[in-house]
Amino acid sequence: MTASLLAKQWPQADITLIESPNIPTVGVGEGSTPYIRHLFKTLDISEAQWMSKCNATFKNGITFKHWSIRKGFESYFHPFLSQYDDDVTPLFAQHTRLRRHGYPITCHPDNYYLTKELTNQRKSCQLQDSSNPVETLYAYHFDAEKLGLLLKEKSLALGVNHLLGNISQVKQAENGDIASVVSDEQGELSADIFVDCTGFKALLMQKTLNTPFVSYSDNLFNDSAVAIASPKIDNYSPQTVSTALSNGWAWHIPLQNRVGNGYVYSAKYQTADSAEQELRHFIGQDRVKDVEARHIKMRVGRSEKHWNKNCLAVGLSQGFIEPLEATALHLVQDTIESFIAAIEEGKGTTAKQDYFNDKINYAFERVRDYIVTHYISNSRNDTPYWQDCRKIPVSDSLQRILYAWFNGMDVAEELDLQQISQYYPSASWHALLAGVGTFPEPDPSKTETFANEIQQIQHRRDELAKLFKNL
Ligand SMILES: Cc1cc2nc3c(=O)[nH]c(=O)nc-3n(C[C@H](O)[C@H](O)[C@H](O)COP(=O)(O)OP(=O)(O)OC[C@H]3O[C@@H](n4cnc5c(N)ncnc54)[C@H](O)[C@@H]3O)c2cc1C
């Protein structure tokens, strides 16, 4: 992704992609956010050109199951938004606020948003009439390995040089900059700027430059994952499903040729063997009888700087927030695009380096806060893990959002005050906090249920769904 975006933006630049002939990639990362569509647009790659090559499917949102044991709130859908939802979002926020003030409203996000209905009906977010300009956001699921290969081909077509080699040494200049990288296969290679895409190893950013790492382990307990693919489902649903298990959660991601499954858990609370058994049982032992599991350790947190000296870290080398909302590639894309902007605004200098690092760090913190909210709002009591998750320390920013929610205030206004709606919009915060049912008991003196308004929304949604294509 980095090579292709840099080559597209800077066609005159001399860019070389060095890949190891034998060190594997992390091999997971099948979900995305709607932001990834900008990548394909920038690179002029149409859905017809890439989706079948990468066994990709459409993703309309994420269902969260069993994070809550509150009656009626055992499951909810985190929707990608449609412009058709523009008047639904404030109404839903208003209903949740009235519910927080004791009105007995059935305030479940699944009753409001269009993409939930499209998902129920196995429809894509694409309108049948392509001249209709109303936009409905959607993302994709895909085979990450295949997408990597496709982007490599695109990079080469854009003029990127490609070399195979294992980097065995990184040399620094007197001022601490990276001067060159050395491999047996290619010898010594020097450059003005190096991009560290070596995954959790962070060969340049951490191992060479010793850039401090800010761990999120106090806020996000999960540090391990086990992944097992199962046979494809013909009538797949266009969504990721995230199901809470005993000490973490399992992803279910339908692709054209298989289903990606994985269990993200904390090694402090569960062993790898037990996690694998739990995942196999969850998928169905027979479905994955002869399939080998892959165990992955995750380093959760971020580099203090993503651009340090003449080195940019992108991907797992810059940091990682566990994949609950499939945000890693989103942050990768943001990092590359922001780096391009910072270099251009700084006219090729490091003038914008601090600004860039602050911006990416801020994005990491805000995504982390939203993920943390899933854990602190859980109501499970089955294991110490889930009970401990409710005690996770929260940032000042998140504290203020939660204060607004639990004190019947306007959450959208709080997000605006903090200017953080671009990370997760009001609809996402309301969907999460309402979706798991963090409401007080209704006040018997307040009887209005607003059932008519909700019915009207559902009726309109049914009508709108007719405008969309089947999968
Ligand atoms: C459990 C899990 C689930 C995830 N799910 C999602 C998801 O749903 N959505 C999402 O957006 N992201 C997800 N991610 C993150 C996503 O997988 C990564 O962001 C993405 O794959 C990019 O990884 P990377 O290229 O940084 O690292 P890697 O894939 O680890 O690649 C590192 C590269 O560095 C090379 N390398 C290493 N050492 C050397 C050396 N000495 N010399 C030369 N080359 C070297 C390797 O060969 C490899 O090509 C998930 C991650 C995990 C762990």
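Numbering of residues starts from 1 in each chain and follows the order in which that chain's sequence is written. Totals for whole chains, interfaces and linings use every residue, but because this is a predicted model, local features are given only for residues with pLDDT of at least 70 and side-chain atom pairs only at 80 or more, for both listing and counting. To obtain the side-chain values, all non-hydrogen atoms of the structure were included, while hydrogens and water were left out.

## Some details on unusual backbone geometry
Right, so step 1: For N55, which is not a glycine, the phi torsion comes out positive at approximately 50°.
Right, so step 2: Segments assigned H or I by DSSP are reported as helices when at least four residues long, segments assigned E as strands when at least two residues long, and all are numbered from the N terminus. Residue position: N55 is located in the loop between α3 (47-50) and β2 (57-59).
Right, so step 3: A positive phi angle, near 55°, is found at F450, a position not held by glycine.
Right, so step 4: Tracing the sequence through the fold places F450 in the loop between α13 (426-435) and α14 (451-465).

## Some thoughts on the packing of aromatic side chains
Right, so step 1: Here is the rule: rings of Phe, Tyr and Trp (six-membered ring for Trp) pair when centre to centre is within 6.5 Å. Planes less than 30 degrees apart are stacked, more than 60 are edge-to-face, and the remainder are tilted. One pass over the structure, following the stated rule, counts 32 aromatic pairs.
Right, so step 2: Aromatic side chains F339 and F356 sit 6.1 Å apart centroid to centroid with 75° between the ring planes, which places their arrangement in the edge-to-face category. Highlighted residues: F339 in helix α8 (residues 328-345) and F356 in helix α9 (residues 353-376), separated in sequence by 17 residues. For the pair shown, F339 and F356 are each scored as buried.
Right, so step 3: The rings of F64, W67, Y76, F221, Y269, Y375, Y385 and W386 are connected pair by pair, giving a single aromatic cluster.
Right, so step 4: By the criterion adopted, a ring carries a charge over it if an Arg CZ or a Lys NZ lies within 6 Å of its centre and within 35 degrees of its normal. Looking at R299, its charged tip hangs above the ring of F213, at a distance of 4.2 Å from the centre. Burial status follows relative accessibility: with a 1.4 Å probe on protein chains alone, a residue under 20% of its type maximum counts as buried, one over 50% as exposed, and anything between as partly exposed.

## Some thoughts on the domain arrangement of the protein
Size of an interface: often given as the accessible area lost when the parts come together.
Right, so step 1: In terms of domain boundaries, the protein breaks down into domain 1 (2-58 + 140-217 + 300-365), domain 2 (61-137 + 377-463) and domain 3 (224-297).
Right, so step 2: Domain boundaries shown here were taken from an automatic or database domain assignment. Of note, the centres of domain 1 and domain 2, computed from C-alpha atoms alone, are 34 Å apart.
Right, so step 3: The contact criterion used is simple: two residues touch if any of their non-hydrogen atoms lie within 4.5 Å. Tallying the contact residues gives 11 residues for domain 1 and 14 residues for domain 2.
Right, so step 4: Definition used for salt bridges: Asp or Glu carboxyl oxygen within 4 Å of a side-chain nitrogen of Lys or Arg. Linking domain 1 with domain 2 are 1 salt bridge.
Right, so step 5: The salt bridge partner of E135 is R37, with a shortest N-O separation of 3.6 Å.
Right, so step 6: We define a polar contact as two N or O atoms separated by no more than 3.5 Å, with the added condition that, inside protein, one atom must be a possible hydrogen donor and the other a possible acceptor, whereas residues neighbouring each other in sequence contribute only through side-chain atom pairs. Viewed at the interface, domain 2 and domain 1 are joined by 2 residue pairs in polar contact (both at pLDDT 80 or more).
Right, so step 7: Under the grouping applied here, Gly and all other residues not named as nonpolar or charged are polar, the nonpolar ones being Ala, Val, Leu, Ile, Met, Phe, Trp, Tyr, Cys and Pro and the charged ones Asp, Glu, Lys and Arg. Residue composition of the side of domain 1 that touches domain 2, grouped by class: 5 nonpolar, 3 polar and 3 charged.

## Thoughts on the layout of surface pockets
Right, so step 1: Size it by volume and the second largest pocket reaches roughly 770 Å³.
Right, so step 2: Here a cavity denotes a set of grid points, spaced 1 Å apart and computed over the protein atoms alone, in which a 1.4 Å probe fits but from which it cannot get out, and a pocket denotes an open set meeting protein on both sides within 12 Å along at least five of seven lines; residues with an atom within 4 Å of a point are reported as lining. Together, 29 residues line the second largest pocket, and T33, P34, Y35, H330 and Q422 are the ones closest to its centre.
Right, so step 3: Put simply, the parts of the chain that give the lining of the second largest pocket at least two residues each are α2 (36-42), β4 (75-79), α8 and α9.
Right, so step 4: Tallied by class, residues from the lining of the second largest pocket come to 13 nonpolar, 9 polar and 7 charged.
Right, so step 5: Residues lining the lining of the second largest pocket come from more than one domain, with at least three contributed by each of domain 1 (2-58 + 140-217 + 300-365) and domain 2 (61-137 + 377-463). Grid points are joined across faces, edges and corners, and a volume is the space filled by probe spheres set on the points.

## Details of the sheet that holds strand β8 (residues 167-172)
Right, so step 1: Any two strands between which DSSP finds at least two bridges are classified as paired. Pairing is antiparallel in the open sheet, where 3 strands are placed in the order β8-β9-β10. Each edge of the sheet is formed by a strand with only one pairing partner; in this case those strands are β8 and β10 (187-190). Looking at each pair of strands side by side, their axes are set apart by 25° on average, direction ignored.
Right, so step 2: Relative to β10, strand β9 (residues 178-183) is paired through 4 bridges, and the arrangement is antiparallel. The residue bridging V181 from the neighbouring strand is L189, located in β10. Note on method: axes are straight lines fitted to C-alpha atoms, helices fitted across the in-contact stretch only, with angles between N-to-C directions ranging 0 to 180 degrees.

## Observations regarding the packing of α8 against α9
Right, so step 1: At their nearest, the axes of α8 and α9 sit 10 Å apart, and the two run at 160° to each other. Comparing their axes, α9 and α8 come out roughly antiparallel. With respect to the hand of their crossing, α8 and α9 are arranged in right-handed fashion. Contacts between α8 and α9 pair L331, D334, T335, S338, F339 and A342 from the former with F356, K359, I360, A363, F364 and V367 from the latter. Here the word oblique covers every angle except those under 35 degrees (roughly parallel), over 145 (roughly antiparallel) and from 65 to 115 (roughly perpendicular). If you view the pair so one helix is near and one far, a crossing is left-handed when the near helix is turned anticlockwise from the far one by less than a right angle, and right-handed when it is turned clockwise.

## So, the UniProt feature "binding site: 7-chloro-L-tryptophan" (unreviewed entry) in the protein
Right, so step 1: UniProt positions are given in the numbering used here, feature names are shortened, and annotations may be inferred rather than shown by experiment. Within this structure's numbering, the places UniProt gives as "binding site: 7-chloro-L-tryptophan" (unreviewed entry) are K59.
Right, so step 2: Looking at the element boundaries, K59 is found in strand β2.
Right, so step 3: Excluding residues that lie within four positions of it along the chain, K59 makes contacts with G31, S32, F80, Y138, A139, Y140, H141, P238, T240 and A326.
Right, so step 4: Within the local environment of K59, its side chain forms a polar contact with the backbone oxygen of S32, the two atoms lying 2.9 Å apart.

## Here we look at helix α12 (residues 411-418)
Right, so step 1: For α12, the complete set of buried residues consists of V411, E414, L415 and Q418. The buried residues of α12 all sit within an arc of 100° when viewed along its axis, so they share a single face. Exposed side of α12, more than 90 degrees from the buried face: D416 and L417 are the residues found there.
Right, so step 2: The secondary structure elements touched by the buried residues of α12 are α4 (88-100), α9, α11 (396-406) and α13.
Right, so step 3: A side-chain oxygen of the first residue of α12 lies 3.0 Å from the backbone nitrogen of A412; this N-cap is D410.
Right, so step 4: Looking one or two places after α12, you find Q419, whose phi comes out positive at around 55°. This arc corresponds to the set of directions leading from the helix axis out to the C-beta atoms.

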